[in-house]
Amino acid sequence: MPPEPSPPVRKARSMFWRLILLLPGIICAAWGYVAYSGESVGAATVHSIHLKTKTDIGGQTRDAYDAVDPGTPDLFLKLSLRDQPDSLQLETHKDTVIGSGQSWTLPTPRPLDQITMVEVWDENTLLKDKQLDRIAIDNNWSGEGQTFLISLEGTHPQPPRWALPLLAAGATLAGLVILKFVWDQAI
């Protein structure tokens, strides 16, 4: 008995159309990723500054010193700004115990990248004012000094609303095209 003829060999399918679909998928996914993780819409703006003592030994030492000192500190902040040679002094909080924190409101909101350093001062009417801490900010929303923690509060920039859906659609299209290519090669 003669062997049965084998089925005819399948004709190779064109990869041209898959390549045409794969390129836009990759481009859309890359564009969405860059827009989502890169520059955000709007500038970061600082409206207020929150000050509190650290929880480590430096902060505990400051709290212990404030507990022994018969007077309560009159605290104020000085901001070093990138575009101004003089520092900006914020209002004084009279007879202030830091406790869980104190907030200072800026007279006018400032861009985050303008603020380079925050200095904590104790105002003294009879003697010279005393600097308690210096905290470098350098385009961060928080900073840490020897005894104090600073948190900047304001508007955070948001990525464009279309970036994440574009990333998902492009990645899905590219993934389906690659999956179809692998499927055709396996069968």
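Look a little higher up for the structure.
All of the points below concern the structure found in this document. (Residues numbered from 1 in each chain as written. Predicted model: local features only at pLDDT ≥ 70, side-chain atom pairs only at ≥ 80, totals over all residues. Heavy atoms only, no water.)

A few points about the overall build of the protein
- Helix and strand counts for the protein stand at three helices and eight strands.
- Ordered by position from the N terminus, the helices and strands of the protein form the series α-β-α-β-β-β-β-β-β-β-α.
- When burial is assessed residue by residue, the protein has 32% of its 187 residues classed as buried.
- Relative to all contacts within the protein whose residues are 6 or more apart in sequence, the contacts with residues 24 or more apart total 65%. (Helix = DSSP H or I, 4+ residues; strand = E, 2+ residues; numbered from the N terminus. Buried < 20%, exposed > 50% of the residue type's maximum accessible area, 1.4 Å probe, protein only. Contact = heavy atoms within 4.5 Å.)

A short note on the environment of Leu149
- Along the chain, Leu149 falls in strand S8 (residues 148–155).
- Sequence separation between Leu149 and Gly101 is 48 residues; the distance between their C-alpha atoms is 9.3 Å.
- Other than its neighbours up to four places away in sequence, Leu149 contacts His50, Leu51, Lys52, Thr53, Lys54, Gly143 and Glu144.

Some words on the sheet that holds strand S4 (residues 102–111)
- Within the open sheet, the four strands sit side by side as S4-S1-S8-S7. Their pairing is antiparallel. Only two strands of the sheet have a single neighbouring strand rather than two, namely S4 and strand S7 (142–144). Looking at each pair of strands side by side, their axes are set apart by 20 degrees on average, direction ignored. (Pairing = 2+ DSSP bridges. Axes fitted to C-alpha atoms, helices over the stretch in contact; angles between N-to-C directions.)

Details of a nonpolar patch on the surface
- Taken together, the side chains of Met15, Ile178, Phe181 and Val182 present a nonpolar region at the surface, about 330 Å² in accessible area.
- Within the secondary structure layout, Phe181 lies in helix H3 (residues 163–186). (Patch = residues over 30% accessible without salt bridge, like charges linked within 9 Å, V, L, I, M, F, W, Y side chains within 5 Å. Areas by Shrake-Rupley, 256 points an atom, 1.4 Å probe, with all protein chains shown as cover. Salt bridge = Lys/Arg side-chain N within 4 Å of Asp/Glu carboxyl O.)

Some details on the environment of Thr116
- Along the polypeptide, Thr116 turns up in strand S5 (residues 115–122).
- The exposure class assigned to Thr116 is buried, which follows from its relative accessible area of 19%.
- Sequence-distant contacts of Thr116, that is, excluding residues within four places in its chain, are made with Ser80, Leu81, Arg82, Ile135, Ala136, Ile137 and Asp138.

A few points about H3
- An ideal rise of 1.5 Å per residue puts 34 Å on 24 residues; H3 measures up with 34 Å between its terminal C-alpha atoms.
- All buried positions along H3 are accounted for by Ala163, Gly170, Ala174, Val177 and Asp184.
- Lining the buried residues of H3 we find helix H1 (16–37). (Expected span 1.5 Å × (residues − 1).)

Nothing here speaks to function; it is all geometry.
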